[in-house]
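Examination of the molecular architecture
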Amino acid sequence: MQITSTSTPQVLVPGTQAGNNAGNATAVDGTSLGLNGQNAATSTPVNPTPTSAAPLRRGLSNWDQPLQKDISGAQQALDFLEQSAGQLRSLKADLSARLANRQRTDGTLEARVRQFSNSWRNRNSATGGTLDAQLKFNSKGSETSFTVRGMSLANLRNGGREVIAVSVGGGQNVRSVVLEAGLSDAQIAQRFDEALAPAGVRTRVNDDGQLEFSTPESQWTTVRDTIAVQGGGIRFPTGALNRVKAEAAAPQIEPDNWQVLDAESIRATLAQVVGALAKIEQSIATVRQALAQVAARVQNAAPADTRSGMDQVAQNFVTTTRQPGYQSLLSITSALAGISRDRVLSLLGLRN
């Protein structure tokens, strides 16, 4: 972005009325500030044209909104994870102490478990939607992974040619997937992915070799309640679209299932707390790495010549003020414009 002046700046000349009011001057000749580089200090004032204003570099907040969003999302996820890790460490210590002392329950452990459960339930909003139930960080938004009953690779790879219609979201939003004998697992996943991607559903073969679907977490409820399939009688029945069951992947942490009623349940909960803490610490390391990568992007994107440019401006000012005459007076009066006696006294007071 370049900001240009819309009028010719006023030049203050000693001895004129404007010169007598130099203390209140706001318009100055850009020559003294080095707009023309080393040639700024000349014996003749130069009035810059409206197109000669130096371009102003925009800050990060203006020219890279996606980068800012990545930083904010990573920081939100990191803050939430570190807070959760702290709660789990305290809960782990309390559970261990209860088992060691064999004390009767007083409601403290229940309150601690309930506190963590409530905090974890707000995971999506607390992280700005960047951390999913599998503790995977995604600056573009968390997703829900799920499987669909009947859509296993073992079932889909067998049989002859069949056109499968899949509806997501209801209405006329129907997509077709053509399956045939001899397709590889990767090809089957690709065909489902190409068909369902416009509906906000992606498909892949996961690490366990299973066909896995995913959708933005905010859309999961709609997808779960509306997905329907119609086949040609080979893998799926013909006729009308039939609702199929979609099941979300089990979350990595399920504090709602933790119990502290007796010694046995406390031991089981302690084991789950230790496991949850290890998973969160691993997620913290991942998010920190992502944040470091964003920081590197910021460093690479930052203007490299800002410091040298300011050094040049300062040097031009010093050079100009050392020369007697009009340019020296103009540079000094321009620098002092708007500085009042009270402000000077306040600055001097800081030395005491």
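Quick notes on the rules
- Residues numbered from 1 in each chain as written.
- Predicted model: local features only at pLDDT ≥ 70, side-chain atom pairs only at ≥ 80, totals over all residues.
- Heavy atoms only, no water.
- Helix = DSSP H or I, 4+ residues; strand = E, 2+ residues; numbered from the N terminus.
- Buried < 20%, exposed > 50% of the residue type's maximum accessible area, 1.4 Å probe, protein only.
- Contact = heavy atoms within 4.5 Å.
- Areas by Shrake-Rupley, 256 points an atom, 1.4 Å probe, with all protein chains shown as cover.
- Phe/Tyr/Trp six-rings, centres within 6.5 Å; stacked < 30°, edge-to-face > 60°.
- Pairing = 2+ DSSP bridges.
- Axes fitted to C-alpha atoms, helices over the stretch in contact; angles between N-to-C directions.
- Expected span 1.5 Å × (residues − 1).
- Arc of directions from axis to C-beta.
- Polar contact = N/O pair within 3.5 Å; in protein donor to acceptor, adjacent residues only side chain to side chain.

**A short note on the overall build of the chain**
A count of helical and extended segments in the chain gives 12 helices and 8 strands. In the chain, which comprises 352 residues, the proportion classed as buried is 31%. Relative to all contacts within the chain whose residues are 6 or more apart in sequence, the contacts with residues 24 or more apart total 62%. Roughly 20500 Å² of accessible area belongs to the chain as shown, and the carbon and sulfur atoms make up 50% of that amount.

**Here's the deal with the packing of aromatic side chains**
This model, assessed by the stated rule, comprises 6 aromatic pairs. Seen in terms of ring centroids, Phe146 and Phe213 are 5.6 Å apart; in terms of plane orientation they differ by 25 degrees. Their pairing is stacked. Here Phe213 lies in strand 5 (residues 211-216) and Phe146 lies in strand 1 (residues 143-148), a separation of 67 residues in the sequence. Taking the relative accessible area as the measure of exposure, Phe213 reaches 1% and is therefore buried. Each ring, one from Phe192 and one from Phe213, has its centre 6.1 Å from the other, and the planes form 85 degrees; the classification is edge-to-face. Of this pair, Phe192 sits in helix 7 (residues 185-196) while Phe213 sits in strand 5, placing them 21 residues apart in sequence. Looking at Phe192, the relative accessible area reads 0%, which means it is buried. Among the aromatic side chains, those forming a connected cluster through ring pairs are Phe80, Phe116, Trp120 and Trp258.

**Considerations on the sheet that holds strand 8 (residues 246-248)**
Taken in spatial order, the 4 strands of this open sheet run 4-5-1-8, and their pairing is antiparallel. In the strand order of this sheet, the two ends are held by strand 4 (202-205) and strand 8, each with one partner. Looking at each pair of strands side by side, their axes are set apart by 35 degrees on average, direction ignored. Inspection of the sheet shows strand 1 paired to strand 8 by 3 bridges, in the antiparallel sense.

**Some details on helix 7**
Since there are 3.6 residues in each turn of an α-helix, residues three or four apart along the chain are aligned in direction. Spanning 12 residues, helix 7 covers 17 Å between terminal C-alpha atoms, matching the ideal 16 Å at 1.5 Å per step. Those residues of helix 7 that fall on the buried side of the exposure criterion are Ile188, Ala189, Phe192, Asp193, Ala195 and Leu196. Across the axial projection of helix 7, the buried residues extend over an arc of 170 degrees, all falling on one side. For helix 7, the exposed residues lying more than 90 degrees away from the buried face are Ala186 and Glu194. Residues of helix 7 that are buried sit in contact with helix 6 (153-156), strand 2 (162-167), strand 3 (174-179), strand 4 and strand 5.

**Describing the side chain of Thr130**
If you trace the backbone, Thr130 turns up in the loop between helix 5 (123-126) and strand 1. In terms of polar contacts, Thr130 uses its side chain to reach the backbone carbonyl oxygen of Thr127, at 2.7 Å. Excluding residues that lie within four positions of it along the chain, Thr130 makes contacts with Gly73, Ala77, Lys136, Phe137, Asn138, Ser139 and Ser142.

So far we have only geometry, and geometry alone does not tell us how the molecule works.
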